[in-house]
Amino acid sequence: MRKKTIFILLFILTILTAFYYTGHAAPEAAGTQVSISVSENLAFIGDRIRLKIIVKTTSDADNINVKIMTKEFDILEQAAAQKRTEQDSQLFEKHIEIAFFKTGDFNVGPFTIELKKNEKVIETRETNSVPVTVKSVLKEEDKDIKPLKNLLEIKGNPRYLLNYILIVLGVIIVLFLIRFWLKRRKIKAAETPKRLLSPLEELELRIKELYQQSLFEKGKMKLFFFELTIILKQFLHRTYRFNAEDFTTYETLYDLKKREAEVLILNNLEYLFSTADLVKFAKYIPDDGALSELAKKIEDTVGIYKARAAAALEQMQKEKVS
């Protein structure tokens, strides 16, 4: 009787145990599983670390929500959860990019996962946690960056700088006005027509400038006579109205004799042109005596024209008076 009673009790206990595991253990085995993983377990400050959250469930959920209550990292970016069906279960995958901005050893997670259907939470699960070590980009031998010098203390009211600013602006304005005035003056001077020199005035000025070049001392004898020929022919062109610049020496003297009766002028100009031709084309090098004679004939020729101009002016004044 006792054995039978013991057997009945063992049978009932077996039935109850089977019923318990049938009602509770099976759903847990076939329920919801969650996990979290990171792309890097060792990173530097500011590195992007990708979290991957996997949720596998047999429930009829259509979306998941990840609740991060406390964190020591910044969330840089997160994408919507991707859902796919595998046989008799649903698989959700969500990616989150994070970054740590301080060094140390951290645990990413655990996170709370909410399974939703039609925006209603139908189940809640908690993920595992993953360790992450964050190191500084500085090496052990690197030193902290510190200011080279302490900041300069500025005492008093900074408005006193306004005086210096006004002085600088005043100087800039004055310089601008001076520059503007000089530019206007230059334009005005350019607009004012210069008095045209008379042929005799131009002859004197250009011969003076020619001698100031000191071409004899520089050994540029031929250049001196080239320039002298041009100056004399320009003077003859303006005075006698014939194109002496395009004429040879012979043609120039021939036309001049038709317009000028003063023998001394004709002889002096013939000497000047002949000497110039010898230097330019016959490699003649005049000595000091010849150069002195040349200068004297130029001076005598200019003197004759000046005396002639003075007599003409005096006669004009007499005619005005009478």
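The residue count restarts for each chain, going from 1 along the sequence in the order it is written. Only residues with pLDDT of at least 70 get local features here, since the model is predicted, and only at 80 or more are side-chain atom pairs given and counted; chain-wide, interface and lining totals rely on the full set of residues. No hydrogens and no water enter the side-chain calculation; it runs on all heavy atoms of the structure.

Draft legend 1. Seen up close, helix α6 (residues 263-281). In DSSP terms, a helix is any run of H or I states spanning at least four residues, a strand is any run of E spanning at least two, and both are numbered starting from the N terminus. Expected helix span is taken as 1.5 Å per residue step, with the number of steps being one fewer than the number of residues. An ideal rise of 1.5 Å per residue puts 27 Å on 19 residues; α6 measures up with 27 Å between its terminal C-alpha atoms. Among all positions of α6, only I265, L266, N268, L269, L272, F273, T275, A276, V279 and K280 are buried. Contact between two residues is taken to exist if any of their heavy atoms lie within 4.5 Å; hydrogens are not considered. Packing partners of the buried residues in α6 comprise α4 (221-240), α5 (249-259) and α7 (288-321). Looking one or two places after α6, you find K283, whose phi comes out positive at around 60°. Only protein chains enter the accessibility calculation, which uses a 1.4 Å probe; a residue is then buried when its area is under 20% of its type maximum, exposed when over 50%, and partly exposed in between.

Draft legend 2. Fine view of the sheet that holds strand β9 (residues 112-117). Judged by pairing direction, the sheet is antiparallel, and its three strands sit side by side in the order β4-β9-β10 without closing on themselves. At either end of the open sheet lies a strand with only one pairing partner, and these are β4 (63-67) and β10 (120-126). Across the sheet, the mean angle separating the axes of adjacent strands is 25° when strand polarity is ignored. Note: two strands are recorded as paired if DSSP finds a minimum of 2 bridges between them. Taken together, the five bridges between β4 and β9 define a ladder with antiparallel strand orientation. Opposite I64, over in β9, you have L115 as the bridge partner. Every axis in this analysis is a line fitted to C-alpha atoms, fitted for helices over the stretch in contact. Angles between the N-to-C directions lie between 0 and 180 degrees.

Draft legend 3. Layout of the environment of Q90. By secondary structure assignment, the location of Q90 is in strand β7 (residues 89-99). A relative accessible area of 14% means that Q90 is categorised as buried. Discounting chain neighbours no more than four positions away, the residues touching Q90 are V55, K56, T57, S59, D60, A61, K83, R84 and T85. Distance and chemistry together define a polar contact, namely a pair of N or O atoms within 3.5 Å, with one atom able to donate a hydrogen and the other to accept it when in protein, and with adjacent residues in sequence counting only for side-chain atoms on both sides. Engagement of the side chain of Q90 in a polar contact is seen with the side chain of T85, the distance being 3.5 Å.

Draft legend 4. Fine view of the sheet that holds strand β2 (residues 42-44). One open sheet accounts for three strands, arranged β2-β11-β8; its pairing is mixed. Bordering the open sheet on either side are β2 and β8 (104-108), each of which pairs with just one other strand. In this sheet, neighbouring strand axes are inclined to one another by 35° on average, regardless of whether the strands run parallel or antiparallel. As paired strands, β8 and strand β11 (residues 130-135) are joined by five bridges and run antiparallel to one another. Counterpart to G104 in the pairing with β11 is V134.

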